Amino acid sequence: MSDIDTTVVDSAALTRWVTEFARLIGEQHNQLTDLDAAIGDADHGTNMSRGMSAVLAALPDPAQTQPAALLKKVASTLISSVGGASGPLYGTFFLRMATATGLVDGLDGPGFAKALRAGVDGVVARGKAELGDKTMFDALSPAVAALDDALAAGSPLADALRAAAAAAADGRDATTPLVARKGRASYLGERSAGHQDPGATSAALLVAATSALTAPGAGG
């Protein structure tokens with residue numbers, strides 16, 4: 001059938017995704033730090049920017065690396081270079097993705113969605129967060145749900161990823177009125193309400209960056 005989506009998420013595509021995430025973090029690291037200053041340690045932007053710079057320096061040649069190995073490299077670099085809770089959480093995300101990917105050279109849309117959900121499940125296992133706790137999970141959970149729904153409805157991966165990014169942005173915005181129940185922000189109690197969660201904000205950037213997976217001119 002000619003209308004079948006033949007997009008393949010290989011190591012080159014994953015490299016584009018990670019590179020775009022690093023670009024977005026670099027572009028918005030001041031905003032992330034400002035958000036964290038209101039309800040956290042005022043270091044989320046700085047930590048993530050440092051970590052993603054280290055990731056870019058450590059990325060292996062995608063032509064000689066399977067997706068799982070590339071994702072593991074991202075994970076280990078984030079864990080070793082990002083301070084606070086963000087390093088272990090994002091590191092676990094990419095490590096669980098790597099495990100779910102397996103020893104393949106590329107993933108189709110459903111395969112990538114499965115790996116992404118495994119990453120999100122890893123974040124939950126590590127941080128014990130639930131929807132509404134005012135954490136990065138509030139952006140990631142609706143994103144993977146939207147991705148699965150769009151793919152199940154027959155949408156091509158590029159369109160499904162756009163739906164996921166929109167859902168992540170909505171989830172990020174929905175954290176503003178919430179009272180934090182996890183992390184440093186939870187120490188503030190009711191005073192944490194009225195502030196957008198920095199973790200959900202960086203997580204929304206992670207999902208937005210998936211647009212690079214299917215960038216014009218990409219293989220597949």
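Here the structure is a predicted model, which is why all the values come from computation and not from measurement. (Residues numbered from 1 in each chain as written. Predicted model: local features only at pLDDT ≥ 70, side-chain atom pairs only at ≥ 80, totals over all residues. Heavy atoms only, no water.)

## What about the overall build of the protein?
Okay, step 1: On a plain count of helices and strands, the protein comes out with 8 helices and 2 strands.
Okay, step 2: Taken from the N to the C terminus, the helices and strands of the protein come in the order β-α-α-α-α-β-α-α-α-α.
Okay, step 3: Computed over its C-alpha atoms, the radius of gyration of the protein comes to 17 Å, within 12% of the 17 Å expected for a compact globule of 220 residues.
Okay, step 4: Each of the three principal axes of the protein carries a C-alpha extent, and together these read 55 × 35 × 30 Å.
Okay, step 5: Sorting the 220 residues of the protein into buried and exposed places 48% on the buried side. (Helix = DSSP H or I, 4+ residues; strand = E, 2+ residues; numbered from the N terminus. Rg over C-alpha atoms; globule rule 2.2 N^0.38 Å. Buried < 20%, exposed > 50% of the residue type's maximum accessible area, 1.4 Å probe, protein only.)

## Quick notes on the packing of aromatic side chains
Okay, step 1: Tallied over the entire structure, the rule returns 4 aromatic pairs.
Okay, step 2: Note on Trp17 and Phe94: the rings are 5.7 Å apart at their centroids and 50° apart in plane angle, and the pair reads as tilted. Here the residue Trp17 occupies a position in helix H1 (residues 11-39), and Phe94 occupies one in helix H4 (residues 86-101), the gap between them amounting to 77 residues. Here Trp17 matches Phe94 in class, with each residue buried. (Phe/Tyr/Trp six-rings, centres within 6.5 Å; stacked < 30°, edge-to-face > 60°.)

## Observations regarding the nonpolar core
For soluble globular proteins, nonpolar side chains are generally found buried alongside one another.
Okay, step 1: Grouped together as the largest cluster of nonpolar side chains are 58 residues, with contacts concentrated most on Trp17, Phe21, Phe93, Phe94, Phe112 and Leu147.
Okay, step 2: Elements supplying a minimum of two residues to this core: H1, helix H2 (44-58), helix H3 (67-81), H4, helix H5 (109-127), helix H6 (137-152), helix H7 (157-173) and helix H8 (198-208).
Okay, step 3: Sorting elements by how many residues they give to this core places H1 first, with 9 residues.
Okay, step 4: Beyond its immediate sequence surroundings of up to four residues, Leu147 is in contact with Ala113, Leu116, Leu157, Ala160, Leu161 and Ala164. (Core = buried A, V, L, I, M, F, W, Y, C linked by side-chain atoms within 4.5 Å. Contact = heavy atoms within 4.5 Å.)

## Quick look at H8
Okay, step 1: Of all 11 residues in H8, 10 are buried; the element is thus mostly enclosed.
Okay, step 2: Restricting attention to buried positions, one finds in H8 the residues Pro198, Gly199, Ala200, Thr201, Ser202, Ala203, Ala204, Leu205, Leu206 and Val207.
Okay, step 3: For H8, the N-terminal cap is Asp197; the gap from its side-chain oxygen to the backbone nitrogen of Gly199 is 3.1 Å. (Polar contact = N/O pair within 3.5 Å; in protein donor to acceptor, adjacent residues only side chain to side chain.)

## A look at the side chain of Thr77
Okay, step 1: With respect to the helices and strands, Thr77 occurs in helix H3.
Okay, step 2: Residue classification places Thr77 among the buried positions, given a relative accessible area of 9%.
Okay, step 3: The contacts of Thr77, once residues within four sequence positions are left out, are Gly51, Ala54, Val55 and Ala58.

## A closer look at the packing of H6 against H8
Okay, step 1: Where H6 meets H8, the closest approach of the two axes is 7 Å, and the angle between their N-to-C directions is 30°. Considering their axes alone, H6 and H8 lie roughly parallel with respect to each other. Seen from H6, the contacting residues are Ala139, Leu140 and Ala143; seen from H8, they are Ala200, Ala203, Ala204, Leu206 and Val207. (Axes fitted to C-alpha atoms, helices over the stretch in contact; angles between N-to-C directions. Parallel < 35°, antiparallel > 145°, perpendicular 65-115°, else oblique.)

## Observations regarding H7
Okay, step 1: Taking 1.5 Å of rise per residue, 17 residues should cover 24 Å, and H7 covers 24 Å from first to last C-alpha, within 8% of that figure.
Okay, step 2: Those residues of H7 that fall on the buried side of the exposure criterion are Leu157, Ala160, Leu161, Ala164, Ala165, Ala167, Ala168, Ala169 and Gly171. (Expected span 1.5 Å × (residues − 1).)

## Some thoughts on the environment of Ala125
Okay, step 1: Relative to the helices and strands, Ala125 resides in helix H5.
Okay, step 2: With 72 residues separating them along the chain, Ala125 and Ser53 place their C-alpha atoms 26 Å apart.

## Quick look at the packing of H5 against H6
What describes two packed helices is the angle between their axes and the distance between those same axes.
Okay, step 1: The N-to-C vectors of H5 and H6 enclose an angle of 160°; their axes lie 10 Å apart at closest approach. Relative to H6, the element H5 lies roughly antiparallel. Once H5 is placed against H6, the crossing between them reads as left-handed. Contacts between H5 and H6 involve Gly109, Pro110, Ala113, Leu116, Arg117, Val120, Val123 and Val124 on the former and, on the latter, Phe137, Leu140, Val144, Ala145, Leu147, Asp148 and Leu151.
Okay, step 2: Here the residues of the contact of H5 with H6 are counted per class, giving 12 nonpolar, 1 polar and 2 charged. (Left-handed = near helix turned anticlockwise from the far one by under 90°. Nonpolar A, V, L, I, M, F, W, Y, C, P; charged D, E, K, R; others polar.)

Distances and angles like these do not, on their own, reveal function.
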